Amino acid sequence: MEAPAGFLVVSLLLSCFVTTSYGVYFSSLNETLIVTATFTQGKVLKAGEDQITVSWRFNQTYRAGTDSDYKTIKVKLCYAPISQKDRSWRKTEDRLKKDKTCPHKIVARPYTASNNTFTWTVERDIPSGVYFVRAYALNAHEQEVAYGQTTNVQKDKNLFQIQAITGRHVSLDIASVCFSAFSIVSLAGFFYMEKRKGKSSQ
């Protein structure tokens, strides 16, 4: 028996509502992207100084057309499990809207299947930790539909370490010293002028 047109419309609307309300789950995504990150091996990368070159492409072992609805690629810096331990604000959740694994954006670009490279300078506000890189493919509705990452499923291979900026910058220290010296000289000058005024009024 043929379903009424109204029933089909309602079913479609309910499907859209469920997708919007509950979002996308990481476990539902296929790893169709091959992602690599190039940097100085064995070196602790310094925030604000060192660079990472990220490359990504479609995995050709998947059938042609798998990527037909890929519109945008978002590349992110992600915490490895060792840097998530005892830190609830970095907790991994299967529901991507709640997931805090990859809070740091590296780049977003229109999707192309190959020859994608971006060199990123580690931003100054990146905290110290152990990381990997993940790329998400998004559809026209800005929903994640696939991914790729530089590490394995357990997230314990091909990781790298970043050291945050610690202490104050040298230029800030110099400015602080200059300001302090100026304040002392100004205060001394004020007292000197007040003293002269006091003498001249006598």
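Keep in mind that what you see is a predicted model, and the values were worked out from it rather than measured. (Residues numbered from 1 in each chain as written. Predicted model: local features only at pLDDT ≥ 70, side-chain atom pairs only at ≥ 80, totals over all residues. Heavy atoms only, no water.)

### Looking at the packing of aromatic side chains
This structure, assessed with the given rule, holds six aromatic pairs. Between Phe58 and Tyr70 the ring centres are 6.4 Å apart and the planes differ by 70 degrees, which places this aromatic pair in the edge-to-face class. Pair noted here: Phe58 is in strand S3 (residues 51-58) and Tyr70 is in the loop between S3 and strand S4 (72-79), with a separation of 12 residues, a long-range link. Per residue, the accessibility class of Phe58 equals that of Tyr70, and both read buried. Taken together, Phe58, Tyr62, Tyr70 and Tyr111 form an aromatic cluster joined through their ring pairs. (Phe/Tyr/Trp six-rings, centres within 6.5 Å; stacked < 30°, edge-to-face > 60°. Helix = DSSP H or I, 4+ residues; strand = E, 2+ residues; numbered from the N terminus. Buried < 20%, exposed > 50% of the residue type's maximum accessible area, 1.4 Å probe, protein only.)

### A closer look at the environment of Ile82
In this fold, Ile82 is placed in the loop between S4 and strand S5 (104-110). For Ile82 and Asp156, which are 74 residues apart along the polypeptide, the C-alpha to C-alpha distance reads 8.8 Å. If we skip the residues at most four places from it in the chain, Ile82 touches Arg87 and Val130. (Contact = heavy atoms within 4.5 Å.)

### With respect to the side chain of Arg134
Structurally, the position occupied by Arg134 is in strand S7 (residues 129-138). For Arg134, which is buried and forms no salt bridge, the nearest opposite charge comes from Asp99, at a distance of 4.3 Å. In terms of polar contacts, Arg134 uses its side chain to reach the side chain of Tyr136, at 3.0 Å. Among residues more than four places away in sequence, those in contact with Arg134 are Phe26, Lys74, Val75, Lys76, Cys78, Asp99, Cys102, Tyr147, Gly148, Gln149 and Lys155. (Lys, Arg positive; Asp, Glu negative; His and termini not counted. Salt bridge = Lys/Arg side-chain N within 4 Å of Asp/Glu carboxyl O. Polar contact = N/O pair within 3.5 Å; in protein donor to acceptor, adjacent residues only side chain to side chain.)

### Remarks on the state of the cysteines
Scanning all chains against the criterion turns up one disulfide. One disulfide bridge connects Cys78 with Cys102, the sulfur atoms lying 2.1 Å from each other. What sets the handedness of the Cys78 and Cys102 disulfide is the S-S torsion sign, and at about 105 degrees it is right-handed. Taken together, the positions of Cys78 in strand S4 and Cys102 in the loop between S4 and S5 put the pair 24 residues apart, joining distant regions of the chain. Cys102 shares its class with Cys78; the two are buried. (Disulfide = S-S within 2.5 Å.)

These results come straight from atomic positions and should not be treated as a statement about function.
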